[in-house]
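Residue-level structure breakdown
Now for the letters of each chain:
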Amino acid sequence: MLWLLVGLCGLALVNLSAPLPRISQKPRFYGVKASRSLVIYCVCQLEPPLQVDWFRAAEWNQKAEGPMRPKDNVVMQGRTERKHAFLLLKNVSLSDSGVYYCHVNDTWGAGTGLQVMRHINVHKAEQRSKVKDALIILQTSMLAICLVAPLLRRYTLGKKEEAIYEEPPKEHIYEGLMVEMCEGALYEDLSAYAKPSEAQALWSS
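Owing to the predicted nature of the structure, the values given are computational and were not obtained by experimental measurement.

1. Comments concerning the overall build of the protein
- Per the secondary structure count, the protein includes three helices and 12 strands.
- Put simply, 59% of the contacts in the protein that link residues at least 6 apart link residues at least 24 apart.
- Counting every atom, the protein has about 16,800 Å² of accessible surface; 60% of that belongs to carbon and sulfur.

Shown next as structure tokens:
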């Protein structure tokens, strides 16, 4: 426990003895929607007059490009007698995202990150989400149909083939004989298969 207290005291002395940054930027990060305006401050511990320039990098740890020049949507301070400067960005767009650095008398600031977000219409976003869900359901149904249709067709063709190859029921067919009922007895008419002369003799006898 004693050594822990000694370590904490030593760390506090180191922090107190460390030099304070001569330039600080406020805030360190911005997250805003498109079409908004914002201000980045650069607070200096330097004696005026101050020559302030602003630079912009696409991302952290990348080379900053500049110095920036005033435009319709960019307002900045150049040479100032005060110990702070500012950068005003109006009507920001997605292309304004990046890291902004102030440069004062050959001293760099720590940088301020800016992330511009697209304005989202909640109602339209919900509609797009519902349309996507409907398309997913439709695609799933079509896929299920494509998978089931060949199996159903194969099953139907199999049933047809079984019906073709079924044996027909056996029927007793008396060929050449006409069986008639005559006065309650069976009479086989064989005269149709006899010769004409034999048939006439049969009937005359």
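2. Concerning the state of the cysteines
- Counting across every chain of the model gives one disulfide.
- Bridging Cys42 to Cys102, the disulfide has an S-S length of 2.2 Å. Given an S-S torsion of about 60°, the disulfide between Cys42 and Cys102 has right-handed geometry. Here the residue Cys42 occupies a position in strand β3 (residues 38-44), and Cys102 occupies one in strand β8 (residues 98-104), the gap between them amounting to 60 residues.
- Classification of Cys102 as buried rests on a relative accessible area of 0%.
- The thiol of Cys44 is not disulfide-bonded; the next cysteine sulfur, from Cys42, is found 4.1 Å away.

3. Some thoughts on the packing of aromatic side chains
- Considering all chains together, one arrives at three aromatic pairs under this definition.
- Where Phe55 meets Trp108, the ring centres are 4.9 Å apart and the plane angle is 55°; that geometry is what we call tilted. With a gap of 53 residues between them, Phe55 in strand β4 (residues 50-57) and Trp108 in strand β9 (residues 107-108) connect regions that are remote in the sequence.
- Residue classification places Phe55 among the buried residues on the basis of a relative accessible area of 12%.
- What makes Trp108 partly exposed here is its relative accessible area of 43%.
- Taking the centre distance of 6.4 Å and the plane angle of 85° together, the rings of Trp60 and Tyr101 count as edge-to-face. Taken together, the residues Trp60 in the loop between β4 and β5 (74-76) and Tyr101 in strand β8 connect sequence positions 41 residues apart.

4. A closer look at the environment of Val39
- Mapping Val39 onto the fold places it in strand β3.
- Taking the relative accessible area as the measure of exposure, Val39 reaches 22% and is therefore partly exposed.
- Considering only alpha carbons, one finds Val39 and Leu89, 50 residues apart in sequence, at a separation of 6.4 Å.
- In contact with Val39, not counting residues within four places along its chain, are Lys26, Pro27, Tyr30, Phe86, Leu87 and Leu88.

5. Structural notes on the sheet that holds strand β1 (residues 23-26)
- Judged by pairing direction, the sheet is antiparallel, and its four strands sit side by side in the order β1-β3-β7-β5 without closing on themselves. The strands lining the two open edges of the sheet, one partner per strand, are β1 and β5. Neighbour to neighbour, the strand axes of the sheet diverge by 15° on average, direction disregarded.

6. A short note on the nonpolar core
- Counting residues in each nonpolar core, the largest one holds 22 residues, and the members touching the most others are Trp54, Leu87, Leu89 and Val104.
- When residues in this core are grouped by element, the largest group, four residues, is from β3.
- Residues within four places of Leu87 in sequence aside, it is in contact with Leu38, Val39, Ile40, Trp54, Met68, Val74, Val75, Met76 and Tyr100.

7. Focus: unusual backbone geometry
- With an omega dihedral of -10°, the bond running from Lys26 to Pro27 counts as a cis peptide bond.
- One can find Pro27 in the loop between β1 and β2 (29-33).
- Gly66 connects to Pro67 through a cis peptide bond whose omega is 5°.
- Among the structural elements, Pro67 can be located in the loop between β4 and β5.
- Not every positive phi belongs to a glycine, and Ser35 is a case in point at roughly 75°.

8. Some thoughts on the confidence of the model for the protein
- For the protein, the mean per-residue pLDDT works out to 75, and 65% of the residues sit at or above 70.
- Note on residues 13-20: pLDDT under 50 across the span, and zero contacts to partners over four residues away in sequence or across chains.
- With pLDDT under 50 throughout, residues 179-188 is counted as low confidence; its partners more than four residues away or in other chains account for 10 contacts.

Thresholds, definitions, all that
Numbering of residues begins from 1 in every chain and follows the order in which that chain's sequence is written. Two thresholds apply to this predicted model, a pLDDT of at least 70 for residue-level local features and 80 or more for giving and counting side-chain atom pairs, whereas whole-chain, interface and lining totals are computed over all residues. The side-chain figures draw on all heavy atoms in the structure; neither hydrogens nor water molecules are used. Helical segments are the DSSP runs of H or I of at least four residues, strand segments are the runs of E of at least two, and each set is numbered from the N terminus. Every residue pair with non-hydrogen atoms within 4.5 Å of one another is taken to be in contact. Only the protein chains shown count as cover for residues, and the accessible areas themselves come from Shrake-Rupley with a 1.4 Å probe. Cysteine sulfurs are considered disulfide-paired once they come within 2.5 Å of each other. Each residue's exposure class comes from its accessible area (1.4 Å probe, protein chains only) as a fraction of the maximum for that residue type: buried when under 20%, exposed when over 50%, partly exposed otherwise. Stacked, edge-to-face and tilted are the three classes for Phe, Tyr and Trp ring pairs, Trp counted by its six-membered ring, which pair at centre distances within 6.5 Å; planes under 30 degrees apart are stacked, over 60 edge-to-face, the rest tilted. In short, DSSP must find at least two bridges between two strands for them to pair. Fitting a line to C-alpha atoms yields each axis, with helices limited to the stretch in contact; the angle taken between N-to-C directions then spans 0 to 180 degrees. To define a nonpolar core, start from buried Ala, Val, Leu, Ile, Met, Phe, Trp, Tyr and Cys residues and group those joined through side-chain atoms within 4.5 Å. Think of pLDDT as the predictor's per-residue confidence, scored from 0 to 100.

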